[in-house]
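# Inside the fold
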Amino acid sequence: MFSSVRNFLHRHRRKFFITGTVFGGLYILSNYAQRKLREWQEKEAKRFFEMTRKKQHFESTERTCTQTILSLSKIVSESILGLLNTEEIVQKLQENPENKLALWEQLKLMIFTRICVLVYALSILQVTLRVQLNIVGGYLYRDSVNDEDPLIDSDLQARYLSLCHHFVGQGVEDLVKQIEKAVKRVVEPVSLKKKITLQEVEQLFWSIQTILCTDTADGDPVKKMVHYLVGHTEINEARLDTMVKETMDILESDEVTSIAMSSVSRSFSSVIDEIANLFVNKSTPTTKNHLEIDEHVITNGALKLGASSNNFVDVNKVELHFVKLIPVVNELITKNMCKGNTNIPDLLTQQLTLNEKLKLLGANIYEVFSSST
């Protein structure tokens, strides 16, 4: 019996060897595949965890960025309204002084200066803060995943972010002086008695923007963002100097300059939209048979939603005396005098905060600085 088994094994030894080799190879291959699968699963799980952690950290940075922007935008707006105080002139005009004409001329220039400074200042503030806060956010994320010495401590973070406070104070004052000169060149020749159209008002703002873009003496405010941020101080600490140089490179890049200019242009468009509403409202005065309540019209006791088709107003054909437009535009700017639900400073802040180009800029900067080696 044993001899038969031995002979059988001897005759089929080649088959058994091949079979054993195959099954052995399959066993080794199976173990290798399982090990590689576990490594891939662990790697994917780690990558997913890191992505989730990074996403949560970026969202936290974005919330901090929004809160900081809203807070500082309010401070900047109040600073501008304080520097260009139209309320004092309005109060003097109510007293019917002898120099009434000179006061109206002063009010005219001040109102246009206010609007232009708000547009430029809030746009510059939004861009510089998003750049700074996302650089800091990127550094903080790298510190959170590395066991090495921190790239940015709380003291360095505070000193770096404090750079933007110069713009809130002296920077805004410099901006007011520069824009005042451009406004005077464009608006001063326009007579208070002139009947003006919305298109002409838009042309005034476009002319002011053009002068500022081509200002060879003081420079384009948008291209001077670095000056407003770091042109006032000496930096002696190495790490802070590195962060400032990185910030300067970003702010001076063509991409960021283009985004800032686009933000300025969109802000001016928003201002024109608000002024267009004034032209419509002033061209459809109420009478004893018409009582307007918000956007509803009561006519002979019947409530109609909106005006009838017969009352359609082509805003581009409406003309208003410049002197009558000035006070109502002033109400759009002055928060405590605004009769509607919107005033220009808050409107600009909200639109800039929700600007998708600015958000994408911040996200790209965060990604670069959180992934650097």
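Before reading further, recall that the structure is shown in the block above.
Residues numbered from 1 in each chain as written. Predicted model: local features only at pLDDT ≥ 70, side-chain atom pairs only at ≥ 80, totals over all residues. Heavy atoms only, no water.

## Overview of the overall build of the protein
Heads up, the rule is: Under the scheme used here, helices are H or I runs from DSSP no shorter than 4 residues and strands are E runs no shorter than 2 residues, and both carry numbers assigned from the N terminus. Summary of the burial criterion: residues with accessible area below 20% of their type's maximum are buried, those above 50% are exposed, and those between are partly exposed, where the area comes from a 1.4 Å probe applied to protein chains only. It only takes one pair of heavy atoms within 4.5 Å for two residues to be counted as in contact. With residues, only the protein chains shown are counted as cover, and all accessible areas are computed by Shrake-Rupley using a 1.4 Å probe.
If you tally the helices and strands in the protein, you get 13 helices and five strands. Within the protein, the proportion of its 373 residues that are buried is 40%. Taking as baseline every contact in the protein between residues at least 6 positions apart, the subset at least 24 positions apart corresponds to 81%. Total accessible area on the protein is roughly 22,000 Å²; 54% of this is exposed by carbon and sulfur atoms.

## Side note on the environment of R142
Note the cut-off: For the purposes of these results, a polar contact is taken to be a pair of N or O atoms within 3.5 Å, where, inside protein, one atom must be able to donate a hydrogen and its partner to accept one; residues adjacent in sequence count only when each atom of the pair is a side-chain atom.
Within the element layout of this structure, R142 appears in helix α4 (residues 100-145). As a C-alpha pair, R142 and S370 span 228 residues in sequence and 5.5 Å in three-dimensional space. Reaching out from R142, the side chain makes a polar contact with the backbone oxygen of F369 at a distance of 3.2 Å.

## Looking at the packing of α4 against helix α5 (residues 154-161)
Keep this limit in mind: As a rule, the C-alpha atoms of each element are fitted with a line to give its axis, helices using only the stretch in contact, and angles between N-to-C directions run from 0 to 180 degrees. Angle categories: roughly parallel below 35 degrees, roughly antiparallel above 145, roughly perpendicular from 65 to 115, and oblique for all the rest. For any pair of crossing helices, the crossing counts as left-handed if the nearer helix is rotated counterclockwise from the farther one by less than a right angle, and right-handed if it is rotated clockwise. Throughout this entry, Asp, Glu, Lys and Arg are counted as charged residues, while Ala, Val, Leu, Ile, Met, Phe, Trp, Tyr, Cys and Pro are counted as nonpolar. The remaining residues, Gly among them, count as polar.
Remark: α4 packs on α5, axes separated minimally by 11 Å, with the N-to-C direction vectors making an angle of 165°. When the axes of α4 and α5 are compared, the pair comes out roughly antiparallel. Note on packing geometry: the crossing formed by α4 with α5 is right-handed. Residues Q132, L133, I135, V136 and L140 of α4 form the contact with α5, whose own contacting residues are Q157, Y160 and L161. Of the residues assigned to the contact of α4 with α5, the class counts are six nonpolar, two polar and no charged.

## Comments concerning the environment of S269
Looking at the secondary structure, you find S269 in helix α10 (residues 254-283). Relative accessible area serves as the criterion here: at 40%, S269 is assigned to the partly exposed category. Sequence separation between S269 and W206 is 63 residues; the distance between their C-alpha atoms is 10.0 Å.

## Some thoughts on the packing of α4 against helix α11 (residues 322-333)
Where α4 contacts α11, the axes come no closer than 10 Å and their chain directions differ by 40°. Of the possible angle classes, the one that applies to α4 and α11 is oblique. As α4 packs across α11, the resulting crossing turns out to be left-handed. Of α11, the residues touching α4 (which contributes W104, L107, K108, I111, F112, R114, I115 and L118) are F322, V323, I326, P327, V329, N330 and I333. Of the residues belonging to the contact of α4 with α11, the class tally is 12 nonpolar, one polar and two charged.

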